[in-house]
Amino acid sequence: MAETLKKLDELVALCKRRGFIFQSSDIYGGLASCYDYGPLGVELKKNVKNAWWKSVVQMRDDMVGLDCSILMHPMVWKSSGHVDKFADLIAECKKCNTRSRVDHLQGAEGDETTHHSHTETQDHTDLSDKVCPSCQSVGQFTEPMPFKLMFETKMGANADDSMTVYLRPETAQGIFANFSNVLNTTRLKIPFGIAQMGKSFRNEVTTKAFIFRTREFEQMEIEFFCAPGTDDDWWEHWKEQRMSWYKDLGIRSENLRFRAHADDELAHYAKACVDVEYKFPFGSGDWQELEGIANRTDYDLRQHQRGMRSLTSWFENKRNTEKATLAQESEEWHKGPLSYFDDEKKQRYIPYVIEPSAGADRGTLAFLVDAYAEEEVRGERRNVLRFHPSLAPVKVAVFPLVKRDGMPEKARNIYNELRKYFTCFYDEKSAIGRRYRRQDEAGTPFCITVDGDTAQDGTVTVRDRDSMEQNRINSDQLLTYLREKLDL
Ligand code: GAP
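Another aspect to go through is the packing of aromatic side chains. This structure, assessed with the given rule, holds 19 aromatic pairs. Through a chain of ring-to-ring contacts, three or more aromatic side chains come together here, namely F176, F179, F192 and F225. The side chain of R302 reaches across the aromatic face of W333, ending 3.5 Å from its centre. Between the NZ or CZ atom of R412 and the centre of the ring of Y426, over which it lies, the distance is 4.0 Å.

As structure tokens, then:
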């Protein structure tokens, strides 16, 4: 019977031991809530992002991609609401001075509010029965206060004319800011979507969640623009698509679910929102958000139309974005610069937006956790990562059985041929059994071994990670065989 991971510490240790994920700045004692991806981790996360891109851009006629800069005009974040409202409510424990997110505090009875959004809807002010996660004191919190989550930096060399800009806290706004650029330079008609993946930054309060919640992370976001009235159907469409993506890439169905946002959790402009949640196996098992799928109505484009009319206020306030005020919406907003003329309907409108917004790091964490198994094989423990072939960091490992009789040369030739097509790994050190185990723990689907028979009949053994069965295949047929098995 295969065992799964039970403790976060086990996962952290495995990720470090096998070179998936390291603490950032480890040699200096680490930087809280920032992580580095090692040789296996960088391949895994790249494969997760590639699989997402293939599914949402490459395989669809109605989607295109975009890659925006991380630094944007600060008024983008005024219009989106981030400058004024993107904050977590926090409270400080009067006993130990630890600051905690109010929506993450547990009651003495063990109840917990599990909202994950940073919105103005967090108004849970009664903390009389809440427990400090650091010193366990009950009801010792200060009044909740907002804690701003955007990282600020300065742009410009001269102290006099430098201005505050923000590290983007989501990739989504770059898509809205480029809506008309994309529309004017492609032949796209509504309904269509724009996808973007890349780094986002948030000065998160809650830490110690490994790569689940970090201060620098990668998002994979879609803004899908559709005609008002068709939005409910498109929301259902994207819910189905996104859930299938996780399942098709090997996450077990019983570990995935949808969780609809409660009314008090829903952003004021959102018509509906559902999270794709994964059941992380730590502790007693905890359902956590991997991705949100929201119907954002026409809110964002309308806000940016307001922002485009507010530049005078921004200049008048000496480019102080916090002081600048957002102009009222024009009466003709539906004909504004971010509106769309629908040829078929002969009508101009602001499109509605469905937003499936996923985390690349959270997805990677879920794929790692779900793939992990500990098994007993002939009295020995085997750790294996059963990654879907398209996610496996290394697809094929090539070994000579021993370091003589021409086996390393033959194995190297095979390795050099196959690496043109797949990520491969060559290893001739240690006993063959140990080399297999190392590749099991790295999640490599196939190991090829050149042995004494290879020189006689041209065959090699191909070992399957999951069944551990070995087949003899003619080395001329390897590429075809592996392509079929890996389905790449
Ligand atoms: N544009 C909408 C948006 O950003 P969100 O729920 O704040 O929505 C979307 O973020 C996804 O980004 C989350 O479901 C999660 O996977 C990922 N994410 C958000 N904050 C994160 C953090 N601090 N660390 C890692 N991933 C994060």
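Taken as a whole, the second largest pocket holds about 560 Å³ of empty space. When contributions to the lining of the second largest pocket are tallied by element, the ones reaching two or more residues are α2 (39-58) and α7 (231-248). Examining the composition of the lining of the second largest pocket, we find that 7 residues originate from one element, α2, more than from any other.

As a further point, take the nonpolar core. Formed by 58 residues in total, the largest nonpolar core has its most connected members in L11, F20, W238, W245, Y246 and F280. Elements represented by at least two residues in this core include exactly α1 (8-17), α2, β12 (216-226), α7, β14 (272-280), β15 (286-297), β18 (352-359) and α10 (360-371). Non-local contacts of L11, meaning those with residues more than four positions away in its chain, are made with L5, F210, F282, L365 and V369.

With that settled, consider the sheet that holds β12. Pairing is mixed in the open sheet, where 7 strands are placed in the order β3-β11-β12-β18-β15-β14-β13. In this open sheet, the two edge strands, each paired with only one partner strand, are β3 (63-65) and β13 (256-260). Taken pair by pair, the neighbouring strands of this sheet meet at an average axis angle of 25°, ignoring direction. Pairing of β15 with β18 involves 6 bridges; the strand directions are antiparallel. Residue pairing for β18: G292 is matched across the bridge by S357. The sheet contacts of α2 involve β3, β11 (192-201) and β12, and relative to β11 the element is tilted by about 160°.

Cut-offs applied
Residues numbered from 1 in each chain as written. Predicted model: local features only at pLDDT ≥ 70, side-chain atom pairs only at ≥ 80, totals over all residues. Heavy atoms only, no water. Phe/Tyr/Trp six-rings, centres within 6.5 Å; stacked < 30°, edge-to-face > 60°. Lys NZ or Arg CZ within 6 Å of the ring centre and 35° of its normal. 1 Å grid on protein atoms, 1.4 Å probe; cavity = no way out; pocket = protein on both sides within 12 Å on 5 of 7 lines; lining within 4 Å. Points joined across faces, edges and corners; volume = space filled by probe spheres on them. Helix = DSSP H or I, 4+ residues; strand = E, 2+ residues; numbered from the N terminus. Core = buried A, V, L, I, M, F, W, Y, C linked by side-chain atoms within 4.5 Å. Buried < 20%, exposed > 50% of the residue type's maximum accessible area, 1.4 Å probe, protein only. Contact = heavy atoms within 4.5 Å. Pairing = 2+ DSSP bridges. Axes fitted to C-alpha atoms, helices over the stretch in contact; angles between N-to-C directions.

Take it as geometry only, folks, not as evidence of what the structure does.
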